[in-house]
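So you can see what is in the structure, the chains are spelled out below.
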Amino acid sequence: MKIVTIIGARPQIIKAAALSRAIKTHYTDRIQEVLVHTGQHYDDNMSQVFFDELGIPHPDYNLHVGSASHGVQTARMMEGIEETLLKELPDFIVLYGDTNSTLAGAVAAAKIHVPIVHIEAGLRSFNKSMPEEINRIMCDHCSTLLFTPTKAGLENLKREGFPIDENGVSTFRQAQGSTTATPTIDNPKVYHCGDIMYDNSMHFASIAEEKTDIIQRLDLADKPFILATIHRDSNTDNPERLSAIFKSLIQLSEECHVVLPLHPRTAKLIKTNLSEDQQKQIFNSPNISLIPPVSFLEMIALERHAQLVMTDSGGVQKESYFFKKPCIILRPETEWVEIVQTGNAILADADESRIIQAWQHFKDNPPTTFPEIFGDGHAAEFMLEQMLFTNAIK
Ligand code: UD1
Ligand code: UDP
């Protein structure tokens, strides 16, 4: 079986590590993976560092699309992906998550009838002003095999008409007029299988302790600290929201050290969307470590040692849960509703007083129970087995 995997943005490169690792460990004789990097993220610390560190094979193709408006970026990717698919003729295209690279892969593949496997299917924010919400809905509805990491994802797909029974089992049916029971774009199959990022976090947790020295380098060994990340366009591109988030970080830094690896989007927009005064406060504060994006192993080490996580990132929200840390979510809603329902994360939006209240809440009531929500750490093997099975019966 041949698969073409599309990666482009930082979290997709990290996710791909889990599948590539499982192929290398169990399936080299049965699965050939062709890796296509769209080039959506291109700085060394947003891309190359993960290949070096996580043992991901060198991409077979790099489309080098770089940064551009949504339309231009997506169109450039579609052109390159279509050409690659026509050359490689894979059995499946594998798409991760909800970025423009995901959308481009979905539209390009669906139009030339390459079956799509969507990993991280079914997640919804119910907020279509997010580019990611458009991307993930489009991708789900073009897919043949959908792997959902959470029960909420399964429920969302059911609500949108995907055939799933009351026990959460995909009631995959024989398509009208079809003589086979093979999943197709018109007759997709949904699986609830756990989260591939959980696979990665479990696999790399102890490796991170051994191989990184970021805790010592930043002098954090005996210092409680908040780990923060901010990159969502709704926060970075809106001066009022960005300023409110930084006001809360400055206030909290008087009580607890703050470590903030800066996404390039945020690094750029701080300069235009924060006042000079606020910029000085942040850059000159001894209690705020503003650092460039870190590697995945360094990020895991920071997450494991942090007292609390503050983030608008999807991946970082989940990882704070994997490592049993309370999380303040800098968004009005989340796709990972379970982590809020269990009381381990609080939606504080970009609202200074809600952020401070959430901090106070977690200081007084540190969470202790983190039920298993994200599977058993072997989602990648499950997905590959289902792809092999579907390929065998088609
Ligand atoms: C993208 C995804 C978002 C995901 C995030 C992960 C879309 C629509 N958004 O957002 O869902 O959560 O990646 O990090 O696909 N830049 C650099 N160097 C890089 C990459 C980007 O400087 O290597 C800067 C450029 O100024 C660029 C900006 O960051 O314009 C935004 O990059 P882009 O990939 O368009 O969106 P992200 O905000 O990274
Ligand atoms: N991450 C990283 N270095 C950083 C910030 C994040 O390795 O400096 C990792 C993080 O651990 C998670 C993933 O990147 O696995 C999340 O990516 P991001 O926040 O960019 O995007 P999102 O998950 O919101 O789409």
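Quick summary incoming for the structure in this document. None of the values given here were measured: they were computed from a predicted structure.

With that out of the way, let us pick up the site of ligand 2. Around ligand 2 there are 19 residues in total, and Arg232, Val294, Ser313, Gly315 and Glu319 lie nearest to it. Between ligand 2 and arginine 10 there is a distance of 2.9 Å, counted from an oxygen atom to a side-chain nitrogen or oxygen. In this structure, histidine 231 approaches ligand 2 through a side-chain N or O atom, which is 3.4 Å from an oxygen atom. Considering ligand 2 on its own, with 530 Å² of exposed area, one finds that the protein chains cover 95% of that surface. Residue assignment for the shell around ligand 2 shows that the elements contributing at least two residues are helix 1 (10-27), helix 13 (296-305) and helix 14 (314-322). Looking at the shell around ligand 2 residue by residue, the classes come out as ten nonpolar, five polar and four charged.

This part covers helix 4 (residues 100-111). Compared with the 16 Å implied by 1.5 Å per residue over twelve residues, the 17 Å span of helix 4 between its first and last C-alpha is a close match. Looking only at helix 4, the buried set comprises Asn100, Ser101, Thr102, Leu103, Ala104, Gly105, Ala106, Val107, Ala108, Ala109 and Ala110. The inward-facing, buried residues of helix 4 abut strand 1 (2-7), helix 1, helix 3 (70-88), strand 4 (92-96), strand 5 (116-119) and helix 5 (131-140). One side-chain oxygen at the N-terminal end of helix 4 lies 3.1 Å from the backbone nitrogen of serine 101; it belongs to threonine 99. Where helix 4 terminates, the next one or two residues include histidine 113, which has phi positive at roughly 65°.

In contact at an axis separation of 8 Å, helix 3 and helix 4 are set at 50° when each is read in the N-to-C sense. One way to sum up the angle between helix 3 and helix 4 is to call them oblique. The two elements helix 3 and helix 4 cross, and the hand of that crossing is right-handed. Of the residues in helix 4, those touching helix 3 at His70, Gln73, Thr74, Met77, Met78, Ile81, Glu82 and Leu85 are Asn100, Ser101, Leu103, Ala104, Gly105, Val107, Ala108 and Ala109.

What counts as what
Residues numbered from 1 in each chain as written. Chains lettered and ligands numbered in written order. Predicted model: local features only at pLDDT ≥ 70, side-chain atom pairs only at ≥ 80, totals over all residues. Heavy atoms only, no water. Near = heavy atom within 4 Å. Polar contact = N/O pair within 3.5 Å; in protein donor to acceptor, adjacent residues only side chain to side chain. Areas by Shrake-Rupley, 256 points an atom, 1.4 Å probe, with all protein chains shown as cover. Helix = DSSP H or I, 4+ residues; strand = E, 2+ residues; numbered from the N terminus. Nonpolar A, V, L, I, M, F, W, Y, C, P; charged D, E, K, R; others polar. Expected span 1.5 Å × (residues − 1). Buried < 20%, exposed > 50% of the residue type's maximum accessible area, 1.4 Å probe, protein only. Contact = heavy atoms within 4.5 Å. Axes fitted to C-alpha atoms, helices over the stretch in contact; angles between N-to-C directions. Parallel < 35°, antiparallel > 145°, perpendicular 65-115°, else oblique. Left-handed = near helix turned anticlockwise from the far one by under 90°.

Remember that the coordinates give geometry; whether it matters functionally is a separate question.
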